[in-house]
Amino acid sequence: MINIDLICVGALKSDIFKQAEKNILKKTDKNYNIKIIEIEDEKNQNINRSSEIEKIKEKEGAKILSKIKKGNYVITLEIDSRQSKNLSICNIINETGRENISIIIGGSVGLSKKVSEISNKKISISKMTFPHQLMRLVMLEQFIIC
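As recorded in an unreviewed UniProt entry, the chain goes by rRNA large subunit m3Psi methyltransferase RlmH and comes from Peptoanaerobacter stomatis. For the chain, the Sequence similarities (unreviewed entry) comment in UniProt is given as "Belongs to the RNA methyltransferase RlmH family."

Dropping the structure here:
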């Protein structure tokens, strides 16, 4: 059994997303014990100043870091990281040989440098930008097809 802590900034707000998540979790591979940990997002009022964005990243980053269990292998989703030609989250996890994994999905302004620095593996699903709530469902869906 592999324990996955899916640490997400922000809660699912849409009933459609909530129902989809519930349905996906029912279908996930039984070799994975998935726990969703929601981090409250900082309010972003379409701030364009980089200093304000960095403050938001730092606050959310501190919350994320407090939820990562000591000894967990950390995987971060980062748009600027390298894309794998054959991206299979299950293969990535199985290759680690670890039983305790934290997967981090940042908020709308991205991840703090501190979170990125402790990442054991950075992955990019796409160079396109997706809402972090949708990315949560996309990531969970990967555990159905393992």
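Moving on from the model shown.
This part covers the environment of Gln133. Within the element layout of this structure, Gln133 appears in helix α5 (residues 132-141). Residue Gln133 is classed as buried on the basis of its relative accessible area of 14%. Between the alpha carbons of Gln133 and Gly10 there is a distance of 7.5 Å; along the sequence they are 123 residues apart. Ignoring sequence-local partners within four residues, the contact set of Gln133 consists of Ala11, Leu12, Lys13, Ser14 and Phe17.

Relative orientation and spacing of two packed helices are given, respectively, by the angle between their axes and the distance between those axes. Two elements in contact, helix α1 (residues 15-27) and α5, have axes separated by 10 Å at closest approach and are oriented at 15°. Judged on the interaxial angle alone, α5 and α1 are roughly parallel. Along this stretch, α1 crosses α5, giving a crossing that reads as left-handed. Residues Phe17, Ala20, Glu21, Ile24 and Leu25 of α1 form the contact with α5, whose own contacting residues are Gln133, Leu134, Arg136, Leu137, Leu140 and Glu141. Across the contact of α1 with α5, the residue classes tally to seven nonpolar, one polar and three charged.

Buried residues dominate strand β1 (residues 2-9), accounting for seven of its eight residues. Sheet topology note: the β1/strand β2 (residues 32-39) ladder contains eight bridges and is parallel. Looking at β2, one finds that Asp5 is bridged to Lys35. As for the winding sense of the linkage, the β-α-β connection from β1 through α1 to β2 is right-handed. Bridge count between β1 and strand β4 (residues 100-105): six bridges; the pairing is parallel.

Attention now moves to helix α3 (residues 89-96). Listed as buried for α3 are Ile89, Cys90, Ile92, Ile93 and Thr96. Angular distribution of buried residues about the axis of α3 spans 160°; they occupy a single face of the element. Packed against the buried residues of α3 are β1, β2, β3 (73-77), β4, β5 (121-123) and α5. Looking one or two places after α3, you find Gly97, whose phi comes out positive at around 70°.

What counts as what
Residues numbered from 1 in each chain as written. Predicted model: local features only at pLDDT ≥ 70, side-chain atom pairs only at ≥ 80, totals over all residues. Heavy atoms only, no water. UniProt positions renumbered as here; feature names shortened; annotations may be inferred. Helix = DSSP H or I, 4+ residues; strand = E, 2+ residues; numbered from the N terminus. Buried < 20%, exposed > 50% of the residue type's maximum accessible area, 1.4 Å probe, protein only. Contact = heavy atoms within 4.5 Å. Axes fitted to C-alpha atoms, helices over the stretch in contact; angles between N-to-C directions. Parallel < 35°, antiparallel > 145°, perpendicular 65-115°, else oblique. Left-handed = near helix turned anticlockwise from the far one by under 90°. Nonpolar A, V, L, I, M, F, W, Y, C, P; charged D, E, K, R; others polar. Pairing = 2+ DSSP bridges. Right-handed = clockwise from strand over helix to strand, strands pointing away. Arc of directions from axis to C-beta.

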